Amino acid sequence: MAGLKYSRQREAVLTYLRSTKSHPTAENVYLKIREEFPRISLGTVYRNLNLLAEQGEILRLSCGDGVEHFDAMVEPHNHFICRNCGAIIDLEMASIDSIDQVADENFSGKIEGHEIYFYGICNNCL
C-alpha cells in the first residue's frame, strides 16, 4: 500500500482475510487477530479494515444482516447468502458483467459497477 507506514497489525488483518472464505465481520477479525496481538483494540481492527477497503485491498460487503463483512477476493465476483444460517458464499459462475450495459441502456447517468447478492438455502442447510 503505497504511501502508508507499514503496520504489523494491518498486515495480520490482510493475511487473515486472504486465508479465509468465511467473509468475517470486524468482530470476527478482531477475535482472530487478538490471538497474535492480545492488546489490539477493536477500534484498531476497524481502522485497518476501513483503510484496506479504501485502498482497494479488500471488499466491504453489506449483506442485509446489519453488519459489514469483509472479503480479500477483490476480483469481480458474486455472493450467495443463505437465508437460514446466514453463510456468505462466493459463487463460481460465468461473468454477468454485461448487466452494466443492460442497466445503462435506459439510464441517463453513468453506471460504474454493480453488487449482486443471490439468496436461498445453502447446501449445508438443505
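No experiment lies behind these values; they were computed from the predicted model shown.

This part covers the environment of Asp 100. By the element assignment, Asp 100 lies in helix α4 (residues 99-104). You can call Asp 100 buried: its relative accessible area is 17%. For the pair Asp 100 and Ile 58, spaced 42 residues apart in sequence, the C-alpha separation works out to 22 Å.

Within the secondary structure layout, Asp 71 lies in strand β2 (residues 68-71). Lys 21 is the oppositely charged side chain nearest to the buried, salt-bridge-free Asp 71, at an N-O distance of 6.7 Å. Those residues within four positions of Asp 71 in sequence are excluded, and the remaining contacts are His 23, Ile 58, Leu 59, Leu 61, His 77, His 79 and Asp 90.

Sheet topology places strand β1 (residues 59-62) next to β2; four bridges connect them, and they run antiparallel. Of the residues in β2, the one forming a bridge with Ser 62 is Glu 68. The loop that links β1 with its antiparallel partner β2 comprises five residues; one of these, Gly 64, has a positive phi angle of about 90 degrees.

So, on to the packing of helix α1 (residues 8-19) against helix α3 (residues 42-54). Direction vectors running N to C along α1 and α3 enclose 70 degrees, while the axes themselves pass 10 Å from each other. The angle between the axes of α1 and α3 places the two elements in the roughly perpendicular class. Note on packing geometry: the crossing formed by α1 with α3 is right-handed. From α1, Gln 9, Arg 10, Val 13, Leu 14 and Leu 17 reach across to α3, where they touch Asn 48, Leu 49, Leu 51 and Leu 52. Tallied by class, the residues present in the contact of α1 with α3 amount to six nonpolar, two polar and one charged.

Now for the state of the cysteines. Following the criterion strictly, the structure yields zero disulfides and no others. Free cysteine: Cys 85, not disulfide-bonded; nearest cysteine sulfur from Cys 125 at 3.7 Å. A relative accessible area of 47% places Cys 85 in the partly exposed class. Here Cys 125 is not cross-linked by a disulfide; its sulfur's nearest cysteine counterpart is in Cys 122, at 3.7 Å.

This brings us to the pattern of salt bridges. As enumerated under the stated definition, the model contains three salt bridges in all. A salt bridge links Glu 68 to Arg 60; the nearest nitrogen and oxygen atoms lie 3.5 Å apart.

Thresholds, definitions, all that
- Residues numbered from 1 in each chain as written.
- Predicted model: local features only at pLDDT ≥ 70, side-chain atom pairs only at ≥ 80, totals over all residues.
- Heavy atoms only, no water.
- Helix = DSSP H or I, 4+ residues; strand = E, 2+ residues; numbered from the N terminus.
- Buried < 20%, exposed > 50% of the residue type's maximum accessible area, 1.4 Å probe, protein only.
- Lys, Arg positive; Asp, Glu negative; His and termini not counted.
- Salt bridge = Lys/Arg side-chain N within 4 Å of Asp/Glu carboxyl O.
- Contact = heavy atoms within 4.5 Å.
- Pairing = 2+ DSSP bridges.
- Axes fitted to C-alpha atoms, helices over the stretch in contact; angles between N-to-C directions.
- Parallel < 35°, antiparallel > 145°, perpendicular 65-115°, else oblique.
- Left-handed = near helix turned anticlockwise from the far one by under 90°.
- Nonpolar A, V, L, I, M, F, W, Y, C, P; charged D, E, K, R; others polar.
- Disulfide = S-S within 2.5 Å.

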